[in-house]
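This is what each chain is made of:
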Amino acid sequence: MESKNNTFKSKVIDVSKNNVLLRKIIRKLMDIKRKTAMKIHTIGIKIDDKTIFFSSFQGREYACSPKSIYEYMISTDKYKDYKYIWSFKEPEKYSFLTKNKNTKVVKQRSKEFEQGLAKSKYWIVNSILDVYIKPKKNQVYVQCWHGTPLKKLGCDLKNTVNAMNSEEEIHKRYIQEAKRFNFFISPSKFATEKFTSAWNLKMLGKESCFIEEGYPRNDFLYNFKTEDVIKVKEKLNIPSGKKVILYAPTWRDNQHNSNMGYTYKTEVNFDLLKDKLQNDYIILFRAHYLVANSFDFEKYKGFIYDVSRVDDINDLYIISDMLITDYSSVFFDYANLKRPIVFYMYDFEEYRDELRGFYIDIKELPGKITKTETELIEAIDNTKEFIYDEKYRKFNEKFNYLDDGQAAKRVVEKLIKC
């Protein structure tokens, strides 16, 4: 039965990809259905001023700024009488959170999920919630987002190619989201400016919604200890004696499979990388959280480790000697560690001109830009002579100047007056 349902669902998705009107109708009907169910499920539920709802990456992970804010609060006596609700797609994986007696774990999109939202005074999330969910006037919706943007977002996208949404639909979704949130966490003046534009906040009169205090998600990068590095390496069975490369590419808007969702095709010659690098390096491969397909690295066992299902990328940052990425925002965060960064932009022109475009001149990036495997290998080799130079320092002064390990504390103190 489940197989038949999945087949029917994939066929509907296939048709809706090419029929905007049908897609809008289907989405509208689903919105009405879910909104009606939520109203029924939450009848009589009153808001508790000391209950907080958390979700990270639409329930996929225990990570990012919601995690940092939560862990700060449960470690601080001032908030010991608060209650916390976490939502996950697979709640059984996160039952360990209930060791804190004030924490409850619920399943994403379940009745308990909707009741948790209805009860919570504060909603702290890092991605866009489903359209049918709307906070009441006396609830506080905090949009943490999940990175300083290099690639353009939302209302700033023009003439873009997306497998599942037209430009008009993307703009509408971001504006709908902007109407819902009360606060938006920003790590810098630059990010505030771009988020304002991407969510069209000037038009909505919400330019003052920002809490510009640094990214709570980056607190760990200032507070971790040597024991944390050892613990993560042991958990992932990472061998000692070799340098660790974290390869974390972003997703492509035009790569989508109706059965799975967004996919990613690894445009890297891993045979060549293994031949040239295996004596000195291992690679941790980290797919974007939206990417649904799995990767078979069996032939590269001992050289490539698929860490796409590790919840918190901070664990991967601290054990890595170097980062390789393309257009992902991960490099903004990783730059706090002042370690080597290499950019592998094999599809640069297509990504710039057809998919997204960029907010900054790539000349500002704190690392070598490569477009071929040969250039990539050479750039990796050159990191042996790495120094934290003036260009890298200026990058951090522009984009990461507020990150200091105390952002979660500042954000919570601005949000909650005890």
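Starting afresh in each chain, residues are numbered from 1 along the sequence in its written order. The predicted origin of the model limits local features to residues at a pLDDT of at least 70 and limits the giving and counting of side-chain atom pairs to 80 or more, whereas totals for whole chains, interfaces and linings rest on all residues. Side-chain figures throughout are based on the complete set of non-hydrogen atoms in the structure, without hydrogens or water.

(A) Layout of the side chain of N396. Relative to the helices and strands, N396 is located in helix α15 (residues 390-399). For every residue, the accessible area (1.4 Å probe, protein chains only) is compared with the maximum for its type, and the residue is labelled buried under 20%, exposed over 50%, or partly exposed between those bounds. Here N396 falls in the buried class, since its relative accessible area comes to 9%. In protein, a polar contact requires one atom able to donate a hydrogen and another able to accept it; more generally it is a pair of N or O atoms within 3.5 Å, and residues adjacent in sequence count only if both atoms are side-chain atoms. Side-chain polar atoms of N396 contact the side chain of Y388, separated by 3.0 Å. Contacts are residue-level and defined by heavy atoms, with any inter-residue pair within 4.5 Å sufficient. In contact with N396, not counting residues within four places along its chain, are A335, N336, K338, Y388 and Y401. Secondary structure follows DSSP: runs of H or I at least 4 residues long count as helices, runs of E at least 2 residues long count as strands, and numbering of each begins at the N terminus.

(B) Geometry of unusual backbone geometry. Positive phi outside glycine occurs at C64, with the angle close to 65 degrees. Here C64 lies in helix α3 (residues 64-74). Judged by relative accessible area, C64 falls into the buried class, the value being 7%. Phi at W145 takes a positive value of approximately 55 degrees, unusual for a residue other than glycine. The topology assignment puts W145 in the loop between β5 (140-143) and α5 (167-180).

(C) Broad picture of the packing of aromatic side chains. Two rings belonging to Phe, Tyr or Trp (six-membered ring only in the last case) form a pair when the distance between their centres is within 6.5 Å. Interplanar angles under 30 degrees mark stacking, angles over 60 mark edge-to-face geometry, and anything in between is tilted. Taken as a whole, this structure holds 41 aromatic pairs when the rule is applied. Ring centres 3.8 Å apart and planes at 15 degrees place the aromatic pair F88 and Y94 in the stacked group. Each ring, one from F331 and one from F395, has its centre 5.9 Å from the other, and the planes form 40 degrees; the classification is tilted. With F331 in helix α12 (residues 330-334) and F395 in helix α15, the pair connects residues that are 64 residues apart, well separated along the chain. Assessed through its relative accessible area of 3%, F395 is described here as buried.

(D) Representation of the sheet that holds strand β4 (residues 120-125) in the model. Note on pairing: two strands pair once DSSP finds at least 2 bridges between them. One open sheet accounts for seven strands, arranged β3-β2-β1-β4-β5-β6-β7; its pairing is parallel. At either margin of the open sheet sits one strand with a lone partner, and together these are β3 (103-107) and β7 (210-212). The sheet shows a mean angle of 20 degrees between the axes of neighbouring strands, taken without regard to direction. Of the pairings in the sheet, the one linking strand β1 (residues 48-55) to β4 comprises five bridges and is parallel in character. Of the residues in β4, the one forming a bridge with F53 is W123. Only the stretch in contact is used when fitting a helix axis, every axis being a line fitted to C-alpha atoms; angles between N-to-C directions are given from 0 to 180 degrees.

(E) Fine view of the environment of A118. Within the fold, A118 resides in helix α4 (residues 111-119). Those residues in contact with A118 that lie beyond four places of it in its chain are T42, I45, K46, I47, K136 and Q139.

(F) Summary view of the pairing of β4. Most of β4 sits inside the fold, with six of its six residues counted as buried. Taken together, the four bridges between β4 and β5 define a ladder with parallel strand orientation. The residue of β5 that forms the bridge with V125 is Q143.

(G) Just a nonpolar patch on the surface, in detail. Distance thresholds for patches are 9 Å for like charges and 5 Å for nonpolar side chains (Val, Leu, Ile, Met, Phe, Trp, Tyr), applied to residues having over 30% relative accessible area and no salt bridge. Per-residue and other accessible areas were derived by the Shrake-Rupley procedure at a 1.4 Å probe size, with only the shown protein chains allowed to occlude residues. A side-chain nitrogen of Lys or Arg and a carboxyl oxygen of Asp or Glu constitute a salt bridge if their distance falls within 4 Å. On the surface, L21, I25, L29 and I32 cluster together to form a nonpolar patch covering roughly 400 Å² of accessible area. Here I32 shows up in helix α2 (residues 20-41). Taking the relative accessible area as the measure of exposure, I32 reaches 43% and is therefore partly exposed.

(H) Structural context of the packing of α3 against helix α16 (residues 407-415). At their nearest, the axes of α3 and α16 sit 9 Å apart, and the two run at 80 degrees to each other. It follows that α3 is roughly perpendicular to α16 by the angle criterion. Of the residues in α16, those touching α3 at S68, I69, Y72 and M73 are A408, K409, V411, V412 and E413. Any residue that is not Ala, Val, Leu, Ile, Met, Phe, Trp, Tyr, Cys, Pro, Asp, Glu, Lys or Arg is counted as polar, Gly included; the first ten are nonpolar and the last four charged. Of the residues belonging to the contact of α3 with α16, the class tally is six nonpolar, one polar and two charged. Should an angle fall under 35 degrees it is called roughly parallel, over 145 degrees roughly antiparallel, and 65 to 115 degrees roughly perpendicular, with every other angle called oblique.

(I) Inspection of the environment of R393 at higher detail. By the secondary structure assignment, R393 is in helix α15. Exposure remark for R393: the relative accessible area of 29% places this residue in the partly exposed category. Distance from R393 to A335, taken between C-alpha atoms, is 9.3 Å for residues 58 residues apart in sequence.

(J) Examining the nonpolar core more closely. If you look at the biggest cluster of nonpolar residues, it comprises 99 residues, and the most contacted ones within it are I69, M73, W199 and L284. Counting residues per element, this core draws most heavily on helix α11 (residues 313-319), at five residues. Excluding anything up to four places from it in sequence, L284 contacts I238, V244, I245, L246, Y247, Y305, V307, L316, I319 and S320. Here, nonpolar core refers to any group of buried Ala, Val, Leu, Ile, Met, Phe, Trp, Tyr and Cys residues whose side-chain atoms link them within 4.5 Å. If you look at the next biggest cluster of nonpolar residues, it comprises 22 residues, including L273, F297, Y300 and I380.

(K) Seen up close, the packing of helix α10 (residues 270-277) against helix α14 (residues 373-382). The contact between α10 and α14 brings their axes to 11 Å, and the two run at 30 degrees. In terms of their interaxial angle, α10 and α14 are classed as roughly parallel. Helix-helix and strand crossings are classified by hand; for α10 and α14 the assignment is right-handed. Residues L272, L273, K276 and L277 of α10 lie in contact with α14, whose contacting residues are E373, L376, I377 and I380. Counted by class, the contact of α10 with α14 contains six nonpolar, no polar and two charged residues. Handedness of each helix crossing follows the sense of rotation of the near helix against the far helix: counterclockwise by less than a right angle gives left-handed, clockwise gives right-handed.

(L) Representation of the pattern of salt bridges in the model. All chains considered together, the criterion is met by 21 salt bridges. Residue D312 pairs with K67 through a salt bridge whose shortest N-O separation is 2.9 Å. Placement of D312 in the loop between β12 (304-306) and α11 and of K67 in helix α3 is noted, with a sequence separation of 245 residues between them. The two residues D312 and K67 agree in class, both being buried. The partner of K384 in a salt bridge is D381, and the shortest N-O contact between them spans 3.0 Å. Classification of D381 by relative accessible area gives partly exposed; the value is 41%.

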